[in-house]
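Understanding the architecture of this molecule
Okay, here's what each chain looks like letter by letter:
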Amino acid sequence: MSTWTSPPQLVALATFYAQAQAHPDAVSDAAFLDAVNAAHWPTNCWNYVEASFAIIAPACLLRPQLTAELIALPIAAMIAGGLDDAGQVIDIGLACATRSEPYVAPSEEGRRWLTQVWPGLGELVAAVFQARLQAALAEDEE
């Protein structure tokens, strides 16, 4: 699975992913989401997007039923970064998978998910984008 050597939260996440792959029923979906969320760290929006895709891609591979919740993480950061067009989201994820000097390099499994599965999720991406955009707009009105 993932072979991160730094930062520490990604090293821990790589170990978690290996355990979740070896024993898929040993971790609840809620605990799985908590572990993925805990691996993220504060940074600028666009670096966060890139790191988030690297973090969630193996998670989406291991738990496809959690994909909508997991992709909401980088999508929310894209919206915070000013993106207002859901049609660009797939291309941004693909760019994260193919960047020559990524902020956080995706694992081989993550890269495979981003290049093979992610492009086919247009409807789901659009729905998640709209939900996150509406939530962000509602927060701005408060």
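Please refer to the structure higher up on the page.
Residues numbered from 1 in each chain as written. Predicted model: local features only at pLDDT ≥ 70, side-chain atom pairs only at ≥ 80, totals over all residues. Heavy atoms only, no water.

**Focus on the packing of aromatic side chains**
- Scanning the entire structure with this criterion turns up six aromatic pairs.
- Judged by centre distance (6.2 Å) and plane angle (45°), the rings of W41 and Y103 are tilted. In this pair, W41 sits in the loop between α2 (29-38) and α3 (45-62) while Y103 sits in the loop between α5 (89-98) and α6 (108-116), placing the two residues 62 residues apart along the sequence.
- Taking the relative accessible area as the measure of exposure, W41 reaches 17% and is therefore buried.
- Connected via pairs of aromatic rings, a cluster forms that spans F16, Y17 and F32. (Phe/Tyr/Trp six-rings, centres within 6.5 Å; stacked < 30°, edge-to-face > 60°. Helix = DSSP H or I, 4+ residues; strand = E, 2+ residues; numbered from the N terminus. Buried < 20%, exposed > 50% of the residue type's maximum accessible area, 1.4 Å probe, protein only.)

**Thoughts on the nonpolar core**
- If you look at the biggest cluster of nonpolar residues, it comprises 46 residues, and the most contacted ones within it are Y17, V36, I71 and W118.
- Looking at this core, the element that brings in the most residues is α3, giving nine residues.
- Excluding anything up to four places from it in sequence, I71 contacts I56, C60, W113, W118, L124, V125 and V128. (Core = buried A, V, L, I, M, F, W, Y, C linked by side-chain atoms within 4.5 Å. Contact = heavy atoms within 4.5 Å.)

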